[in-house]
Amino acid sequence: MSGKVRQKTSANTADSAIQTVNERILKECHTLYADPDNGLIKIAESLGLSLLAPRKKITVLMIGNHSAGKSSFINWYLEEHVQRTGVAIETQGFTFVTSGRKRESLTGNATLHLYPHFEPMRQIEGVVDYLTTEISTSKQKKFSLVTFVDTPGLVDGDMKYPFDVNQSILWLGDLADLIFVFFDPIGQALCKRTLNLVEKLNDKHADRMKFYLSKADEAGHESDRQRVMMQIVQELCKRPGLNRTGFDMPTIYIPNAASKSRCANQIEDVCKDIEKTINQTIQNTLNTLERDCNQIAQLVDERLEKDSIACASNLRARVRGFVYGFAGLMIPLLLLLTYLISTSHKVLRPLLGQNLVDTLGIYLGPLSRAWRAIPPDYSTHVLGGFLVFALILLLLAKFCSRTQVTLSRKQKRTLNEIRDHVANTVKRKKETLYQEYLQQSVADHDL
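### Section: the overall build of the protein
For the protein, the helix and strand inventory stands at 14 helices and seven strands. Split into buried and exposed, the 447 residues of the protein put 41% on the buried side. If you take every contact in the protein between residues at least 6 apart in sequence, the share linking residues at least 24 apart comes to 78%.

### Structural notes on the pairing of strand 2 (residues 94-99)
Counting buried residues in strand 2 gives six out of six residues, a clear majority hidden from the surface. Where burial is concerned, the two faces of strand 2 agree: the one with Phe-94, Phe-96 and Thr-98 and the one with Thr-95, Val-97 and Ser-99 are both buried. Note: strand 2 against strand 5 (residues 146-150), three bridges, orientation antiparallel. Opposite Phe-96, over in strand 5, you have Val-149 as the bridge partner.

### Section: the packing of aromatic side chains
Overall, the coordinates contain 18 aromatic pairs when judged by the stated rule. Between Phe-322 and Phe-326, the aromatic rings sit 5.9 Å apart at their centres with planes inclined by 25°, giving stacked as the arrangement. Remark: Phe-326 and Phe-322 occur in helix 9 (residues 267-342); sequence separation between them is four residues, near one turn of the helix. Members of the aromatic cluster, joined through ring pairs, are Phe-73, Trp-76, Tyr-77, Phe-143, Phe-148, Phe-180, Phe-182 and Tyr-212. One residue, Lys-141, lies across the ring of Tyr-77, its end atom 5.5 Å from the ring centre.

### Points about helix 2 (residues 21-34)
The end-to-end C-alpha distance of helix 2, which contains 14 residues, comes to 20 Å, matching closely the 20 Å that a straight helix rising 1.5 Å per residue would cover. Those residues of helix 2 that fall on the buried side of the exposure criterion are Asn-22, Glu-23, Ile-25, Leu-26, Cys-29, Leu-32 and Tyr-33.

### A short note on the nonpolar core
Counting 50 residues, the largest nonpolar core has Leu-40, Phe-73, Tyr-77, Phe-148, Phe-180, Ile-274 and Ile-296 as the members making the most contacts within it. Elements that contribute at least two residues to this core include exactly helix 2, helix 3 (40-46), strand 1 (58-64), helix 4 (70-78), strand 5, strand 6 (178-183), helix 9 and helix 14 (409-446). Among the elements that take part in this core, helix 9 stands out by supplying 12 residues, more than any other. Those residues within four positions of Phe-73 in sequence are excluded, and the remaining contacts are Met-62, Phe-148, Phe-182, Ile-254, Ile-267, Val-270 and Ile-274. Formed by 38 residues, the second largest nonpolar core is a distinct cluster that contains Leu-61, Phe-94, Ile-169 and Met-209.

### So, the sheet that holds strand 5
Two strands in a sheet stick together by hydrogen bonds in their backbones, pointing the same way (parallel) or opposite ways (antiparallel). Within the open sheet, the seven strands sit side by side as 3-4-2-5-1-6-7. Their pairing is mixed. Each edge of the sheet is formed by a strand with only one pairing partner; in this case those strands are strand 3 (104-106) and strand 7 (209-213). Here the average twist between neighbouring strands, direction ignored, is 20°. Of the pairings in the sheet, the one linking strand 3 to strand 4 (residues 131-136) comprises three bridges and is antiparallel in character.

### Concerning helix 7 (residues 192-205)
With 14 residues, helix 7 extends 19 Å from end C-alpha to end C-alpha; this agrees with the ideal 20 Å at 1.5 Å per step. Where helix 7 is concerned, the buried positions are Arg-193, Thr-194, Leu-195, Leu-197, Val-198, Glu-199, Leu-201, Asn-202 and His-205.

### Thoughts on the confidence of the model for the protein
In this model, the protein carries a mean pLDDT of 79, and residues with pLDDT of at least 70 account for 77%. Taken element by element, the predicted model of the protein shows its lowest mean pLDDT in helix 1 (residues 13-18) (51) and its highest in strand 5 (91).

### Brief notes about the environment of Leu-315
By secondary structure assignment, the location of Leu-315 is in helix 9. Judged by relative accessible area, Leu-315 falls into the exposed class, the value being 54%. Along the sequence, Leu-315 and Ser-401 sit 86 residues apart, while their C-alpha atoms lie 8.8 Å from each other.

### Some remarks on the packing of helix 6 (residues 165-175) against helix 7
Axis separation between helix 6 and helix 7 bottoms out at 10 Å; the angle between their running directions is 30°. Taken together, the axis directions place helix 6 and helix 7 in an arrangement best described as roughly parallel. The two elements helix 6 and helix 7 cross, and the hand of that crossing is right-handed. Within the contact between the two elements, helix 6 uses Val-165, Asn-166, Ile-169, Leu-170, Gly-173 and Asp-174 and helix 7 uses Arg-193, Leu-197, Lys-200, Leu-201, Lys-204 and His-205. A class-by-class count of the residues in the contact of helix 6 with helix 7 yields five nonpolar, three polar and four charged.

### Notes on the environment of Val-149
Tracing the sequence through the fold places Val-149 in strand 5. Considering only alpha carbons, one finds Val-149 and Ile-63, 86 residues apart in sequence, at a separation of 8.8 Å. If we skip the residues at most four places from it in the chain, Val-149 touches Thr-59, Val-60, Leu-61, Met-62, Phe-94, Thr-95, Phe-96 and Leu-172.

### So, the pattern of salt bridges
Applying the stated criterion across every chain, the model contains 12 salt bridges. Across the pair Lys-429 and Glu-28 runs a salt bridge whose closest N-O atoms are separated by 2.8 Å. Placement of the pair is Lys-429 in helix 14 and Glu-28 in helix 2, with a sequence separation of 401 residues. Its relative accessible area of 31% is what places Lys-429 among the partly exposed residues. Notably, a salt bridge pairs Glu-431 with Lys-430, separated by 3.3 Å at the nearest N-O pair. Using a relative accessible area of 40% as the deciding quantity, one classes Glu-431 as partly exposed. Each of Arg-24, Glu-28, Lys-429 and Glu-436 takes part in a single network of salt bridges with overlapping partners.

### Some thoughts on the pairing of strand 7
In terms of residue burial, strand 7 counts as a mostly covered element, since four of its five residues are buried. For strand 6 and strand 7, the ladder comprises five bridges, and the chain directions are parallel. Paired with Ile-179 across the strands is Met-209, a residue of strand 7.

Conventions we followed
- Residues numbered from 1 in each chain as written.
- Predicted model: local features only at pLDDT ≥ 70, side-chain atom pairs only at ≥ 80, totals over all residues.
- Heavy atoms only, no water.
- Helix = DSSP H or I, 4+ residues; strand = E, 2+ residues; numbered from the N terminus.
- Buried < 20%, exposed > 50% of the residue type's maximum accessible area, 1.4 Å probe, protein only.
- Contact = heavy atoms within 4.5 Å.
- Pairing = 2+ DSSP bridges.
- Phe/Tyr/Trp six-rings, centres within 6.5 Å; stacked < 30°, edge-to-face > 60°.
- Lys NZ or Arg CZ within 6 Å of the ring centre and 35° of its normal.
- Expected span 1.5 Å × (residues − 1).
- Core = buried A, V, L, I, M, F, W, Y, C linked by side-chain atoms within 4.5 Å.
- Axes fitted to C-alpha atoms, helices over the stretch in contact; angles between N-to-C directions.
- pLDDT = per-residue confidence, 0-100.
- Parallel < 35°, antiparallel > 145°, perpendicular 65-115°, else oblique.
- Left-handed = near helix turned anticlockwise from the far one by under 90°.
- Nonpolar A, V, L, I, M, F, W, Y, C, P; charged D, E, K, R; others polar.
- Salt bridge = Lys/Arg side-chain N within 4 Å of Asp/Glu carboxyl O.

Printed below as a string of structure tokens:
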């Protein structure tokens, strides 16, 4: 990151005009992370921190036995026939259903390019050949903010899947924001494979899981529906991980003009669960954005403070090194000069002059007398001892003057730019987006 932050305008004004507030908030939050020039991911990498860009949509994982109505629900939500439905096992692989600019179908490799965070699925043998994506232009409900993942219908017995369906669903459950479990009252609602998967998912993601009794209009009279529901609930509660208080299983069915059923249809609750998760995701994304900004600012402050401490330590080290080095150089010089003066050495007079030699003799008199007091046989040893002491001082000077690595001016300037960008651009943008989200919520509530 160098220079001033460049402000970018929206790539497509027309797209921005038709986006909802929630769409734009999630998209702009994603851009604040993923921008190749000044994105938080790139900034964090320069500080040794790893961040993930928030997704622009929530992911809803649909699981259940075959013919449980998963595909039918997706078609109803989109108000468009995207997924095949029927009594046979129509969905044999994983289908991602998402919104886009034009109706299109993508194969496995294209799907993983579209969803990079699902790339690890490639490690599950055989699954890529059974991955597809259906892109729809539907603008119904909250579909523009949702990606549905339709899973294979689960059955017991000798049914062979071309990949490890259990491992795949469990892996997808780790990434899903919502997990819808549909139980078909007239099919294999108590399929052991379904119950086993539900129990394992519930162990890790109980807060994301929602259970529904689908096709409730085909379950006969109210007493029949209650009986079937009790059977399913009892079977679920036999599992230790699912035995909990307040277990809720709304009854739903796809409403149509031909249906004359009078049973309670809580399918709108499914839409409310999706909308609630979208709102939670937006709030979590904005809160995470602020937390990441604070973490980056803290790392910058820590680096600058560490550099300031290192600079102060280096200054003290240089002073100590200078003192030891000066002493290591001056002591032998003074001793040698005193020795020469005390012995009235003939070399000094021509070099320094008689007056200067006499002046030095006055100031260095005590040292000269000390030299005279030393027996001539030991003077060489004493001189050698002082020279060794001076050498030790020079070694100390070298050791004590060692400095720590500090930041260059360019590096400091870059860190300050990062801190200013995070505080004055990203966090202010986050505040603006939060205000827009809250204003929208208040407006919707007033309506």
